[in-house]
Amino acid sequence: MITLTIDNKKVEVEEGATILQAAEKLGIKIPTLCHHKSLMPYGACRVCLVEIVGSRGSWIEASCVYPAQEGMVVKTDTERVLKTRRMMFELLLARSPDAPRIKGMAKEYGVEDTRFTKKNDDCILCGLCVRVCEERMGVGAVSFVNRGSERKIAVPYDKHSPICIACGACDVVCPTNAVDLSEVTLNKPRPIKSDYDMGLAKRASIYIPFPQAIPKIAVIDRDRCMHYLKGVCGSCENFCQAGAINYEQEDELCDVDVGAVVLSPGFEQFDPNLKKELGYDRYPNVLSSLQFERLLSASGPYLGEILRPSDEKHPKKVAWIQCVGSREVDCNYCSSVCCMYATKEAIIAKEHQGDLDCTIFFIDMRAFGKGFDAYYERAKQLGVRYIRCRPSSVKEVAATRDLKITYQQDDGGIATEEFSMVVLSTGLRPPSTVRELADKFGIELNEHGFAQTQGFAPVETTKAGVYVCGPFAGPKDIPETVMEASAGAGKAMALLKEERGTLISHKEYPPEKDVSGQEPRIGVFICHCGRNIGGYADVPSIVEYAKTLPNVVYAEDNLYTCSTDTQEQITRLINEKDLNRVIVASCSPRTHEPLFRNTCREAGLNEYLFEMANIRDQCTWVHMNDPKGATHKARDLVRMAVAKARLLEPLCKGTLKVNNDALVIGGGLAGMTAALNLADQGFKVSLVEKERELGGNFRHIHSLLGGEDPQQQLAAIVERVNSHENIDVYLGAQVSFVDGSVGNFNSTIRQDGKETQVGHGAAIIAAGAREYEPTEYLYGQDSRVITQRRLDEWIAEDKDEVKNAKSVVMIQCVGSREDERPYCSRVCCSQAIKNSIALKEANPQTDVYVLYRDVRAYGFLEEHYRRARELGVRFIRFEKDNKPEIAAGEARLEITCFD
Amino acid sequence: MLNMPICIEADLLVLSAAIIPNEDVDELGRLFKVPLNQDKFFLEAHMKLRPVDFATDGVFMCGLAHSPKSVSESIAQADAAAARAATILSKDEIELDAKISEIIDANCDGCAYCIDPCPYKALTLIEYMYKGSIKKTVERDAALCKGCGVCMATCPKKGIFVRGFKLEQISAMVEAALIGE
């Protein structure tokens, strides 16, 4: 080992190490341009100059090539060093005055311009490209030619190289972006498109899949890595300080013994390439909806700015085309989520760029989820334009690269309009590997390739013990996916109740540090939340401000403070900076406080020494149009959090014994199902039903679109509930009083004037709902006007009124999607479709009309909608402000509507 | 699309009537201290990520009381609610939040002003012997207290406070807010 002194600090390095390496070990920064960790030292650019102090004076050397010697004394920051480096930068600027990296480095040394004649050559002759090609890739396609002022880097004979493998290494290492691969190689350069950015950005052949990947670990793309393809390069191995690169790593096979399996392989996007007429892949400004999601994302290709790929300029008008790969002959289902994601994308796009004109071309607006209709109405208020038409083609205007869409207007007229960008709302497909998965587990798939499930067993496959959840069982949105995930887990838990808890290992935390008597040392972490905060408030200035507040010893900003790697970083910083109070300024403690508290525990800090400032929900979200004001308020909120954090004390939690029984309120289908699931898991359940009979609304359902018999099913469920040893049923009963809280509730059930006390650890409210009793369309005044529920019963009873009806009209959205009740009742469209199919099947001569506003036959209901049309059911649309009118004739009812 | 009014004669007119909430949902919401949305369906803790949980721990929802839905969606949600409830029921004990009220015996004189306002019935008046005389104070049930702070706001003698929300901590925040940059 050799010991030398750099800037008065002693350092030990191995024999043969350079001064640069020794300085690096001390954390002393020396600028470099031609140096590359995985290449031999070269000493061409001379910006790494240092001063070596000897007994007979001092001299200047390039640190990247000069070997460290025993007892050597090196200075990196003397005036002589700085002056010489400044001179080097002036010379480099003369050669490449526009190279951003050189300009940036020069500026750090106060050099903004050069006194020498400018040569305007991008190449600074650092030789990195030549060396990487030769040393690492073993190719040698480029080399230095000529001498003196004629010296340059070239392909032999200035021709395209036949031996170049177009790996792009020269392009990557070049500090001045001087390499144009197309001028070097005869082979076609193949940039690797980022899967995560949906092809809108490039990536390397070793990469971290996406910013919040778990685990956040680099992966090597073996199909494209030059080391695997040609046995060359290996640069990443040189760079990785953790020594984590292992080219010999192989897939491992693990055996796991399990009693149940939950399959959730998700979905794939419909391949928009199959829709050539819509211009995807032919026109750069036609994107898929997932690509547009990436455009909107702060971690996306343009950091959340909406730019169109052809010219990276802000678009003026964006059009969405719905149902691309959905509701078609060869794909006879609705993808369920596209109407809402297009609406969401349009709203967010307008938030990012206020003057953006957003238009959505759709067939039916399927805003059937909770709160969705309100969101749709909000989009319309914000100026999102909805046009009810499915354009058949998209054409590019060559000069502007805008896109021309021809469509039919509401009045039947044809219009042509140009848009700067077109987004295809691509549908959901089962994953391409699903067949293999299904074969492996022995489960059946439906005709579309999704998992086959039954209406009464939505998360069960055709094989016992194998459950499904999420879009694998059919297209669905996030809430339904999360529900099914819990449901799948619940089913598995019931199956495996004997084994519960046997594989659990408890998390160990480091012992808690005693911070009593310590001066507060506060660390502040300020989150950009992608663009949610950073897009509006000036986060770096808030960080600087936080640093000036009393007792704040550290502050930083994070793109996402909640990401896994940031948690690790916070844990590290708590120890490194000896923090005893932590503040995160980000979103709502409601969702994220437990996470950050846990991070404090991981660092041995009491979790109550943590404070959160909500600078998103209560700041940037409400002050989007006032970035200055939002920044100011965020500073106020951080200052308040700091003031409180200084006085925080460690607290300790108590524990409470849990009552393991449950209370379920409502004996309808949902309540009984929940009670049975819990009872099957071994928990005692009190089931309270206010009526004298179990079944709720389900008692009135006599048929289902899937063909199952609801009443038979109901009888079976009621029988199971009544005979289950773990369920106590209280009929004609109500909960009259509730005391206690989680783990230990105490409720009073009143039944026939008698009161019973039940203790329970948890409660499920399944109190049901009811059918609206219409006041419109002569309901209650004319006996020929009935509800769908009644029709369902009449069909089941084979009533004469139904059998003899020659013409039946149905009106949708009665009492729904109105000002006083602005939500969609979700099931009425399928009810109408179900009953009209039944009418047509019983008597094809019966005329059936369905007057609707949007047919919301989501998911696989679309098949039944098509079947109804094939059977001759006529669907006629009406507008909310132009409703059908009814007149009661002697013989028949007369319904007038506008078609 | 004919772009004109049409008249259809019908023997039966079938109305697709809305699904509306039951009348007793307000009462249920009050009993379990859980919220309803503006349409009077029960409001989940998070629209996307916690679709069967209430913000109140230990209470879950499923079926039409949450929002209109189909038979199989009701069943899936019911199984989900059961699974979520089981995460609590399957434990022997649970941790309680530390941010709950705490009595300062030296300040509390047992005036009992705090007892009735407590929405969780977590406080009881007790008597004890101190240096030969009977003294009064209140006792807090850690399982029931949610740390809402009503007691702290009611107490005229600074005899009770909520951990993590001490008067000096709140004052420091208010002062910081008022002081400006």
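Residues numbered from 1 in each chain as written. Chains lettered and ligands numbered in written order. Predicted model: local features only at pLDDT ≥ 70, side-chain atom pairs only at ≥ 80, totals over all residues. Heavy atoms only, no water.

K.L.:
Any chance you could explain a negative patch on the surface here in plain terms?
P.N.:
A cluster of acidic side chains, namely Glu237, Glu248, Glu250, Asp251 and Glu252 of chain A, defines a negative patch on the protein surface. Mapped onto the fold, Asp251 of chain A is located in the loop between α8 (235-239) and β10 (261-263). (Patch = residues over 30% accessible without salt bridge, like charges linked within 9 Å, V, L, I, M, F, W, Y side chains within 5 Å. Areas by Shrake-Rupley, 256 points an atom, 1.4 Å probe, with all protein chains shown as cover. Salt bridge = Lys/Arg side-chain N within 4 Å of Asp/Glu carboxyl O. Lys, Arg positive; Asp, Glu negative; His and termini not counted. Charge placed at Lys NZ, Arg CZ, Asp CG, Glu CD. Helix = DSSP H or I, 4+ residues; strand = E, 2+ residues; numbered from the N terminus.)

K.L.:
Just to check I follow, could you spell out the pattern of salt bridges for this structure?
P.N.:
Side chains carrying opposite charge are able to pair once their charged atoms draw close together. Residue and element names in this part refer to chain B. Evaluation of the coordinates by the stated rule reveals 73 salt bridges over all chains. In this structure, the salt-bridge partner of Asp53 is Arg50, at a minimum N-O distance of 3.1 Å. Note on Asp53: relative accessible area 2%, which makes it buried. Of the charged contacts in the structure, one is a salt bridge between Arg84 and Asp53, with a shortest N-O distance of 2.7 Å. You can see Arg84 sitting in helix α2 (residues 71-89) and its partner Asp53 sitting in the loop between α1 (25-32) and β4 (59-61), a full 31 residues away along the chain. For Arg84, a relative accessible area of 27% translates into the label partly exposed. (Buried < 20%, exposed > 50% of the residue type's maximum accessible area, 1.4 Å probe, protein only.)

K.L.:
Looking at this structure, I do not really get the domain arrangement of chain B. What am I missing?
P.N.:
Accessible area lost on assembly of the parts is the figure often given for the size of an interface. When the domains of chain B are assigned, the result is domain 1 (25-89) and domain 2 (101-179). The centre of domain 1 of chain B, based on its C-alpha atoms, is set 33 Å off from the matching centre of domain 2 of chain B. (Domains from an automatic or database assignment.)

K.L.:
Before we go on, may I ask you to explain helix α3 (residues 100-108) of chain A in this structure?
P.N.:
For the α-helix, the turn length of 3.6 residues means that residues three or four positions removed from each other point alike. All names here are of chain A. If you check which residues of α3 are buried, you get Ile102, Met105 and Ala106. Angular distribution of buried residues about the axis of α3 spans 100°; they occupy a single face of the element. Relative to its buried face, α3 has exposed residues pointing more than 90 degrees away, namely Pro100, Lys107 and Glu108. In this structure, the buried residues of α3 make contact with α2 (79-95). (Arc of directions from axis to C-beta. Contact = heavy atoms within 4.5 Å.)

K.L.:
What am I meant to see in the packing of aromatic side chains here?
P.N.:
Two aromatic rings, taken as a pair, are described by how far apart their centres are and by the angle between their planes. All names here are of chain A. Tallying each qualifying case throughout the model produces 19 aromatic pairs over all chains. With a centroid separation of 4.9 Å and 85° between ring planes, the pair formed by Tyr376 and Tyr386 is classed as edge-to-face. Here Tyr376, found in helix α11 (residues 372-381), pairs with Tyr386, found in strand β15 (residues 385-388); they are 10 residues apart in sequence, far enough to count as distant. Using a relative accessible area of 4% as the deciding quantity, one classes Tyr376 as buried. Residue Tyr386 is classed as buried on the basis of its relative accessible area, which comes to 15%. An aromatic cluster is present here, built from Tyr333, Phe450 and Phe860 joined pairwise through their rings. The ring of Tyr207 is capped by Arg203, whose NZ or CZ atom sits 3.8 Å from the centre of that ring. (Phe/Tyr/Trp six-rings, centres within 6.5 Å; stacked < 30°, edge-to-face > 60°. Lys NZ or Arg CZ within 6 Å of the ring centre and 35° of its normal.)

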